[in-house]
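Breakdown of the fold
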Amino acid sequence: MTAGTAAGSPRLSRRRRLTFFLLFIVGLVALWEGTKLLGGDPYRIDGEVVWTPPIDIGMASDVNMPHFWVIFERLFKPLTSGAEQTLAGYLFDQALYTLRSAFIGFTLGGLLGIGLAVAFVHFGLIERAFVPYVVASQTIPIIALAPLIVYLVGQNVTSVVIVATYLSFFPVTIAMLRGLRSPDPRALELMRSYAASRRAVLWKLRFPASLPYLMTALKITATASIVGAIVGEGSGSLQAGLGRALVFFSQQYTVAPEKLWGAILFSSAVGIVCFGLVRLVELRVVRARPGEEPG
Amino acid sequence: MTANAPGAPVVRLTGVSKAFGATGSSSTTPTVALSNISLDIQRGEFVSLIGPSGCGKSTLLRLVGDLTEPTGGTVQVNGKPAGQARLDRDYGMVFQSPTLFDWRTVEENVRLPLELFGYDNAARAERTSEMLELVRLTDFARHRPYQLSGGMQQRVAIARALAFSPSLLLMDEPFGALDEMTRERMNSEVLSIWARTGITVIFVTHSIPEAVFLSSRVAVMSARPGRITRVVDVDLPRPRGLETRESTAYFSFITEVREALRAGQGTETDLASVERTAAEGLIG
């Protein structure tokens, strides 16, 4: 009866969840700085060594793992010396640019996935004919496919949107197919006893039953579409977007590692925010079920 | 719903057979679920189908409701083939599981067929509240199915089945999953609904007391192949209540049905084992 979406215990109050999130961030920072304290480069204040870590962990050097405060400070300094825009301001603009492509890809991928699933459920022949190709399409690494798409479509936003769509439609197709097939056979017989049309069965039974499945898939594609957009931007050598920032800053890594880390922070923040937005929609759209919040 | 000659049966089964796995191939022997069943059910009757698991009583009900098709014979409902009757929305169905849509509230569940049949908003609201009153769930209109007990959920399913005033109510072991106390209460409830609506009911059960208490006629079935071995007329006075369950006439009808079951079944040990399996659940 229930189609659970395991997203942690909802009885946990919002405040406690926020606390856990903050504790997680603090723990991450502590782990990061702890590693540096043990095996990083010597600590200096005004050029004078104040602490020499007892062991040498190459990975924990200031180039590979800059201190988190260095990364944060860098965010609020000008992008390049003399530039008016701060690094954070620049990354914010690029994130918006990437979000636009990702959102279009997310939407197109979602619609494509829903459309395919509906077609598969209603026409067994189409399902048998297409599903192998849908699956096969996902075995091609995006790294291999993205340059090909750029080559075919050109170095523009369209190719970025296509890559984001490509990464989005598959989870939605599979989850929707499962969701549309989730109704109990008795429920389908009930609709049959009402002489309900296929369309009525779809709207009154299959779609509502598939909503929890769809929302789970959309949480996956919320982040996948961003990854797709970033990869697309990188492969297409676009002049904007987080993909561009990541490629650009990785070239400057040995000189200014904080910039790349800043771009990584922004990329993951965008992913978390999008995931959270879908979760908010889910809470509104999917009515509480047994085992979840009481109605 | 349909105007046919007075006295014409609501349901007429003529030489109905059903075999599974018989699709053309002669290599596999088909399982004969039902063999040569004939039965007339009159308007306003309450007919129970009783028999051991595997006797095809659920299949027979599904044939009447056009959820499956016979391999032989004809099923006429309101003077039409069963398929046409289904398209004309002559059936209300209640299954063993309530089969409520858990994303809908109680009243939205009852409203479902009304939405499908194009009732306008006013008619929907009126019928829904009437039905909820009928099953005494008015106070739970805005609840979600999972907040209700099993018996209450099944009452919602009954309200939903009756919402569009079908001429025939098909019930497939509706109370099989309920405890004995709840089941007895639900039996009285169904009888009062039946008395108030005058609807024709076909009721599948494997409980002898339930069949006798509810029915105007009990069709006793046997397995392998499934057929009706006897039809017992239960002319206990109505309205039936607690006194009915304690009357000697009631017990003699129970004995009669039990003996009819046993006669169709063969030896005592067979019946005992059949009752055990029957108690474990229905056969699909």
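Residues numbered from 1 in each chain as written. Chains lettered and ligands numbered in written order. Predicted model: local features only at pLDDT ≥ 70, side-chain atom pairs only at ≥ 80, totals over all residues.

**Looking at the overall build of chain B**
A tally of helices and strands in chain B yields ten helices and ten strands. Relative to its 284 residues, chain B shows a buried fraction of 45%. Contacts in chain B between residues at least 24 apart in sequence constitute 70% of all its contacts with a sequence separation of at least 6. (Helix = DSSP H or I, 4+ residues; strand = E, 2+ residues; numbered from the N terminus. Buried ≥ 20, exposed ≤ 12 C-beta atoms within 10 Å, placed from the backbone. Contact = placed C-beta atoms within 7 Å.)

**A short note on helix H8 (residues 198–235) of chain A**
All names here are of chain A. For H8, with 38 residues, the first-to-last C-alpha span of 44 Å runs short of the 56 Å given by 1.5 Å per residue. The largest bend in H8 is about 45°, located at Leu211, with the proline Pro212 one to four residues further on. Burial of H8 is extensive: 28 of the 38 residues sit out of reach of the surface. Once H8 finishes, Ser237 follows within two positions and takes phi at roughly 50°, a positive value. (Expected span 1.5 Å × (residues − 1). Bend = angle between axes of the 7 residues up to and from the residue.)

**Re the pairing of strand S2 (residues 48–51) of chain A**
All names here are of chain A. In the sheet, strand S1 (residues 43–45) pairs with S2 via three bridges, with the strands oriented antiparallel. Along S2, the bridge assignment pairs Tyr43 with Trp51. Count of turn residues in the S1/S2 antiparallel hairpin: two residues, of which Asp46 carries a positive phi of about 50°. (Pairing = 2+ DSSP bridges.)

**Focus on the interface of chain A and chain B**
Opposite the 18 residues of chain A that make contact, chain B presents 19 residues. Only helix H7 (185–193) and H8 of chain A provide two or more residues apiece to the side of chain A that touches chain B. Among the elements that take part in the side of chain A that touches chain B, H7 of chain A stands out by supplying six residues, more than any other. Broken down by class, the residue content of the side of chain A that touches chain B amounts to nine nonpolar, two polar and seven charged. (Nonpolar A, V, L, I, M, F, W, Y, C, P; charged D, E, K, R; others polar.)

**A few points about the nonpolar core**
Among the nonpolar cores identified, the biggest contains 81 residues, and Val64, Ala159, Leu170, Ile202, Val220 and Val257 of chain B are the most heavily contacted of them. Apart from the residues lying within four places of it in its own chain, the contact partners of Val257 of chain B are Ile50, Ile208, Ala211, Val212, Val218, Val220 and Val232 of chain B. With 54 residues, the next largest nonpolar core counts Ala95, Phe169, Ala222 and Ala224 of chain A among its residues. (Core = buried A, V, L, I, M, F, W, Y, C linked by C-beta atoms within 7 Å.)

**Structural notes on helix H4 (residues 121–134) of chain B**
Residue and element names in this part refer to chain B. Taking 1.5 Å of rise per residue, 14 residues should cover 20 Å, and H4 covers 20 Å from first to last C-alpha, within 8% of that figure. Within the span of H4, buried status applies to Arg124, Arg127, Thr128, Met131, Leu132 and Leu134. Along the axis of H4, the buried positions cluster into a sector of 150°, meaning they face one direction only. H4 presents Ala122 and Glu133 as exposed residues on the side facing more than 90 degrees away from its buried surface. Tucked inside the fold, the buried residues of H4 contact helix H3 (106–116), helix H5 (150–162) and helix H6 (180–197). Where H4 ends, the next residue or the one after it, Arg136, has phi of about 55°, a positive value. (Arc of directions from axis to C-beta.)

**Topic: the packing of H8 of chain A against helix H10 (residues 257–285) of chain A**
Residues and elements named next belong to chain A. Running from N to C, H8 and H10 cross one another at 160°; their axes reach a closest spacing of 9 Å. On the basis of their axis angle, the class for H8 and H10 is roughly antiparallel. Handedness of the H8/H10 crossing: right-handed. Mapping the contact onto sequence places Leu211, Met215, Leu218, Lys219, Ala222, Thr223, Ile226 and Ile230 in H8 and Ser267, Val270, Gly271, Cys274, Phe275, Val278, Arg279, Glu282 and Val285 in H10. (Axes fitted to C-alpha atoms, helices over the stretch in contact; angles between N-to-C directions. Parallel < 35°, antiparallel > 145°, perpendicular 65-115°, else oblique. Left-handed = near helix turned anticlockwise from the far one by under 90°.)

**Points about the sheet that holds strand S4 (residues 72–77) of chain B**
All names here are of chain B. Sheet architecture is open: four strands sit in the order S2-S1-S4-S5, paired in antiparallel fashion. The sheet terminates laterally at strand S2 (31–41) and strand S5 (80–81), the two strands that pair on one side only. Sheet analysis places strand S1 (residues 11–20) next to S4, joined by five bridges and oriented antiparallel. The residue of S4 that forms the bridge with Val11 is Val77.

**Examining unusual backbone geometry**
All names here are of chain B. A cis amide bond, omega -5°, links Arg238 with the succeeding residue Pro239. One non-glycine residue with positive phi stands out, namely Thr99, at about 55°. When you line up the elements, Thr99 lands in the loop between strand S6 (91–94) and H3. Phi at Ser165 is positive, roughly 50°, even though this residue is not glycine. Structurally, the position occupied by Ser165 is in the loop between H5 and strand S7 (168–172). Overall, Ser165 belongs to the exposed group, with 12 C-beta atoms counted inside 10 Å.

**Re the packing of helix H5 (residues 142–153) of chain A against H8 of chain A**
Residue and element names in this part refer to chain A. At their nearest, the axes of H5 and H8 sit 9 Å apart, and the two run at 55° to each other. With respect to their mutual orientation, H5 and H8 come out oblique. Viewed along their axes, H5 and H8 form a crossing whose handedness is right-handed. In this structure, H5 contributes Ile142, Ile143, Ala146, Pro147 and Val150 to the contact, and H8 contributes Gly228, Val231, Gly232 and Ser235. In terms of residue class, the contact of H5 with H8 is built from six nonpolar, three polar and no charged.

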